[in-house]
Amino acid sequence: MTNFVGLSFIIMKRFFCVFLLMISMVTMEARPLKDYLTPIPKSITMLREKNNFSNDQVVRCQQYLLSLHKNKLSKVENLNLLPFLSFEIDSSIKSQAYILRIHTDKIKISGGDRAALFYASQTLLQIIDYSLSEKTSLPCLIIHDTPDFERRGYMLDISRNKVPKMSTLYKIVDLLASWKVNEFQLYTEHTFAYKNHPEAWKNCSPMTAAEIRELDNYCKERFIDLVPNQNSFGHMENWLRHDRYKDLAECPDDCATIWGTRKLSSLDPTNPKSFELMQELYAELLPNFESKLFNIGCDETFDLLGEGRSAAAVKEKGAAHVYCDFVRKIQKLAADRGRTVMYWGDFIVAYPDMVREMPKDAVMIVCSYDQDTPYDKRCAKPESLGRKYYIGPGTSSWYALFGKWTNARRNIANAFAAGRRHGMSGCLLCDWGDGGYPHPYIVSLPPIVYAAGEAKGRQMTDDEVAAEVDRICGCRCGKALLRYGDLYRMAYCHTPNSTALYKMLADRETYKYTYAQNEGRMGELFDELHDIMTSVDLTNAPDWVKEDFAMLELLGKALEMAYHKQESRILSEIPGPYRRLWLKQNRPGGLEDSV
């Protein structure tokens, strides 16, 4: 009997060892080349040639390409300094398009312009990353790649408490460049340091003119157009709340709006001083940018309904005409400074026939963030009039804590599909910060990656998005991030463009209602949250990834405390770590408002 037990133990031990070996083999399974290519090029032809590059040559090539990016590839005259790597501009290839050839002993990059050579070098760096990470030779192949749209943009909100440090902005720009995004906007209401208006930006740690010029140059070196962005009509609360500007408010006191009673939100479009304020701001802001575009905002002027100071003009002409009159005036200010304006299209969606009243060269941004947005209907109008327009889907990261991944993916896919059918000229992925911006930047990574794929005509799977997040984060965290992003689906929320999770933690006015709606659901949600937290190994991750996941874990703890009504624990355990993590990547201005 003893021998039998001993033999059984040996067999079980060997079986267990084989099982562990099989698990480790699965875990360490080589990832395919496509997991390293984002966005995936239009055409990849694998060749039957055998590569003769040594590992030393591959590393030299990587270092050379990185040095070119650092030393301004856009300005270096002679790029052909490695004997096995050549660059050429080919006039037969269209702008931004390139051909990348990797043969037995040479690599050749041909592009329609310098931007194309830069995009090809980014693809080559991703292939080199694949080769070094997977310990395999460079694949021999031919890649043909061209963008579907001339403009592929991303907008980051810096006016809802959180203004990033310059180091954080540089990191974001580098990531955008790697995905061949070529337009970047910083959504601004009051966070530019206008010399004569310190009241507006005091204690907000604003961007200075010198910082904008520095960032503009950094973007230009990476073939990204930094487009100035200054909201110029609605969303002027951070100006109008000061006594100096209250005379410019459409509604200095409560007015009825489509969102309930509001005040001190939009400028009075009939007051000449509103125009004069924009004239002064534009004169100071625009010279810091080389871009020929300018986003003047003008969204959500929901108080322009005939109860404010422009009531007589609205009664005489109608709200739509009053709106368009003011936009045309400030558009001329921008045009006089050599800029083509962009504007949010939400007001025009309500009055679609007014598109023809807007400046002909102005670029409308057709924006909406629900997964079921009727983008076809909204894109058809500017197309029918021959007007340029962008689609403007969103990352769905705001009012969410952990994001809304499924909504974001569907919203982005819906917008791109409709835009393709109706002749859009570009896209601008919107990353808003409404609700105090408590979430870390990493929450928006999956939607940005997905949108980069859509801009090349490819709908990436969740596994492909997670693989790219893994690559840029230096650890296997992509799937965990997508799981975080779908937590919102486990709890009911009655308010569009928000989540029950955010409301439970941050919206005390609707807490009781949200709590009652989800009382029986939260146990399963917290089980999922705990499982996500323990599933991520950040050992080899860079500091910014560790910091962002620490913030997600902190928000998860705060949410659970809020659900169990442990407010004293929240006040004693959350603010300190929250402040420390915030300040790792962001400026102090706005921090206390977010807390």
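Draft legend 1. Spotlight on the pattern of salt bridges. With the rule as written, the count across this model stands at 34 salt bridges. Salt-bridge contacts for Lys42 lead to Asp148; the nearest nitrogen and oxygen are separated by 2.4 Å. With Lys42 in the loop between helix 1 (2-27) and strand 1 (43-46) and Asp148 in the loop between strand 5 (141-145) and strand 6 (151-157), this residue pair connects regions lying 106 residues apart in the sequence. Assessed through its relative accessible area of 40%, Lys42 is described here as partly exposed. Of the residues examined, Asp148 reaches a relative accessible area of 30% and is grouped as partly exposed. Taking the shortest distance from any N to any O, the salt bridge between Lys456 and Asp145 comes out at 2.6 Å. Residue Lys456 is located in the loop between helix 14 (445-454) and helix 15 (462-473), and its partner Asp145 is located in strand 5; the two are separated by 311 residues in the primary sequence. Classification of Lys456 by relative accessible area gives buried; the value is 7%. Residue Asp145 is classed as buried on the basis of its relative accessible area, which comes to 4%.

Draft legend 2. Inspection of the side chain of Thr395 at higher detail. Its location among the elements puts Thr395 in the loop between strand 14 (389-392) and helix 13 (405-421). Take Thr395: its relative accessible area is 1%, and that puts it in the buried class. A polar contact is formed between the side chain of Thr395 and the side chain of Asp431, at a distance of 2.9 Å.

Draft legend 3. Local environment of the state of the cysteines. The full count for this structure, using the stated rule, is one disulfide. The disulfide that involves Cys251 links it to Cys255, with 2.2 Å between the sulfurs. Taking the torsion about the sulfur-sulfur bond, which here is approximately -105°, the covalent link between Cys251 and Cys255 counts as left-handed. Not engaged in a disulfide, the cysteine Cys61 finds its nearest cysteine sulfur in Cys140; these two sulfurs lie 13 Å apart. Cys430 supplies the cysteine sulfur nearest to Cys367, a cysteine that is in no disulfide, at a spacing of 6.2 Å.

Draft legend 4. Seen up close, the packing of helix 19 (residues 522-535) against helix 20 (residues 543-563). Contact geometry of helix 19 with helix 20 gives a least axis separation of 11 Å together with a crossing angle of 160°. It follows that helix 19 is roughly antiparallel to helix 20 by the angle criterion. Note on packing geometry: the crossing formed by helix 19 with helix 20 is left-handed. In this structure, helix 19 contributes Met522, Phe526, Leu529, His530 and Met533 to the contact, and helix 20 contributes Glu553, Gly556, Lys557, Leu559, Glu560 and Tyr563. Taken together, the residues of the contact of helix 19 with helix 20 break down into six nonpolar, two polar and three charged.

Rules of the game
Residues numbered from 1 in each chain as written. Predicted model: local features only at pLDDT ≥ 70, side-chain atom pairs only at ≥ 80, totals over all residues. Heavy atoms only, no water. Salt bridge = Lys/Arg side-chain N within 4 Å of Asp/Glu carboxyl O. Helix = DSSP H or I, 4+ residues; strand = E, 2+ residues; numbered from the N terminus. Buried < 20%, exposed > 50% of the residue type's maximum accessible area, 1.4 Å probe, protein only. Polar contact = N/O pair within 3.5 Å; in protein donor to acceptor, adjacent residues only side chain to side chain. Disulfide = S-S within 2.5 Å. Axes fitted to C-alpha atoms, helices over the stretch in contact; angles between N-to-C directions. Parallel < 35°, antiparallel > 145°, perpendicular 65-115°, else oblique. Left-handed = near helix turned anticlockwise from the far one by under 90°. Contact = heavy atoms within 4.5 Å. Nonpolar A, V, L, I, M, F, W, Y, C, P; charged D, E, K, R; others polar.

The values are spatial; any link to function lies outside them.
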